Amino acid sequence: MFSNIGIPGLILILTLALIIFGPKKLPEIGKAFGQTLKEFKKSTRELTSDFADDVEMELKEIKKIEN
């Protein structure tokens, strides 16, 4: 998705963000974005783990039925 932006595009986006939000608000926005990304990754890991556990339990039940 972001692979086509390049360095000039990234500099332009950061400059516009600095102009729009100002130097005081930009670190707060970055921190909030980082926390949101961290929570998203954590939720994704938990969801994946729960799904893997459910699949593992189902496989064990199938093996018990087959024996």
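Everything here concerns the structure above.
About the cut-offs
- Residues numbered from 1 in each chain as written.
- Predicted model: local features only at pLDDT ≥ 70, side-chain atom pairs only at ≥ 80, totals over all residues.
- Heavy atoms only, no water.
- Helix = DSSP H or I, 4+ residues; strand = E, 2+ residues; numbered from the N terminus.
- Rg over C-alpha atoms; globule rule 2.2 N^0.38 Å.
- Buried < 20%, exposed > 50% of the residue type's maximum accessible area, 1.4 Å probe, protein only.
- Areas by Shrake-Rupley, 256 points an atom, 1.4 Å probe, with all protein chains shown as cover.
- Salt bridge = Lys/Arg side-chain N within 4 Å of Asp/Glu carboxyl O.

## Comments concerning the overall build of the protein chain
Here is step 1: Looking only at helices and strands, the protein chain has 1 helix and 0 strands in total.
Here is step 2: Against the compact-globule benchmark of 11 Å for 67 residues, the protein chain has a radius of gyration of 22 Å, which places it well outside the compact range.
Here is step 3: In terms of principal-axis extent, the alpha carbons of the protein chain reach across some 70 × 25 × 10 Å.
Here is step 4: The burial tally for the protein chain puts 3% of its 67 residues in the buried class.
Here is step 5: Carbon and sulfur atoms make up 68% of the accessible area of the protein chain, which totals about 6500 Å².

## Remarks on the pattern of salt bridges
Here is step 1: One pass over the full model with this rule turns up 2 salt bridges.
Here is step 2: Between Glu28 and Lys25 there is a salt bridge; the shortest N-O distance is 3.5 Å. Taken together, the residues span about one helical turn, with Glu28 and Lys25 both in helix α1 (residues 6-66) at a distance of 3 residues.
Here is step 3: Looking at Lys25, the relative accessible area reads 43%, which means it is partly exposed.

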